[in-house]
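Given next are the chains, with one letter for each unit.
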Amino acid sequence: MIPRYLGITGFAEYVGLKNSTIQSYLGKGMLPEPDIYYIMRGGQRPAWSIDTIEQWIENRPGKGHTYKTMKENNR
């Protein structure tokens, strides 16, 4: 059964990227806003629904786009 929400590790596995890439994208504003935050000992952790991730995959810019356009497309 697929979890309803995926954290950074789940997001990375789902889209075939490394955790560090997803963390970098998150820090640069290149991912959609998380759908929820769950509480861990170290603080809040972001999580996204499968639908949000699928939408991001479909709208993810290709080669040659800038961080600015990725931020604008993921608002």
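Use the structure listed above.
Before going into details, it helps to say that this report is about the structure given with it. The model shown is predicted, which means the values in this text are computed figures rather than measured ones.

### Notes on the environment of Ile57
Logical step 1: For Ile57, the position within the fold is in helix α3 (residues 50–59).
Logical step 2: According to the relative accessible area criterion, Ile57 is partly exposed, its value standing at 37%.
Logical step 3: Measuring from C-alpha to C-alpha, the distance between Ile57 and Val15 comes to 7.6 Å, with 42 residues separating the pair along the chain.
Logical step 4: Discounting residues that sit within four places of it in the chain, Ile57 has contacts with Tyr14 and Val15.

### Quick notes on helix α1 (residues 8–15)
Logical step 1: Regarding α1, the residues found buried are Ile8, Gly10, Phe11 and Ala12.
Logical step 2: Looking at the buried residues of α1, the elements they touch are β1 (5–6), α2 (19–27), β3 (43–49) and α3.
Logical step 3: Once α1 finishes, Gly16 follows within two positions and takes phi at roughly 80 degrees, a positive value.

### Notes on the side chain of Thr52
Logical step 1: Mapped onto the secondary structure, Thr52 falls in helix α3.
Logical step 2: Filtering out sequence-adjacent residues up to four positions away, Thr52 remains in contact with Pro32 and Asp35.

### With respect to a nonpolar patch on the surface
Logical step 1: Nonpolar side chains collect at one region of the surface, where Tyr5, Ile36, Tyr38 and Met40 lie side by side and expose about 330 Å² of accessible area between them.
Logical step 2: By residue number, the principal contributor to the nonpolar patch is strand β2 (residues 36–40), which donates three residues.
Logical step 3: Position of Tyr38 among the secondary structure elements: in strand β2.

What counts, and at which threshold
- Residues numbered from 1 in each chain as written.
- Predicted model: local features only at pLDDT ≥ 70, side-chain atom pairs only at ≥ 80, totals over all residues.
- Heavy atoms only, no water.
- Helix = DSSP H or I, 4+ residues; strand = E, 2+ residues; numbered from the N terminus.
- Buried < 20%, exposed > 50% of the residue type's maximum accessible area, 1.4 Å probe, protein only.
- Contact = heavy atoms within 4.5 Å.
- Patch = residues over 30% accessible without salt bridge, like charges linked within 9 Å, V, L, I, M, F, W, Y side chains within 5 Å.
- Areas by Shrake-Rupley, 256 points an atom, 1.4 Å probe, with all protein chains shown as cover.
- Salt bridge = Lys/Arg side-chain N within 4 Å of Asp/Glu carboxyl O.

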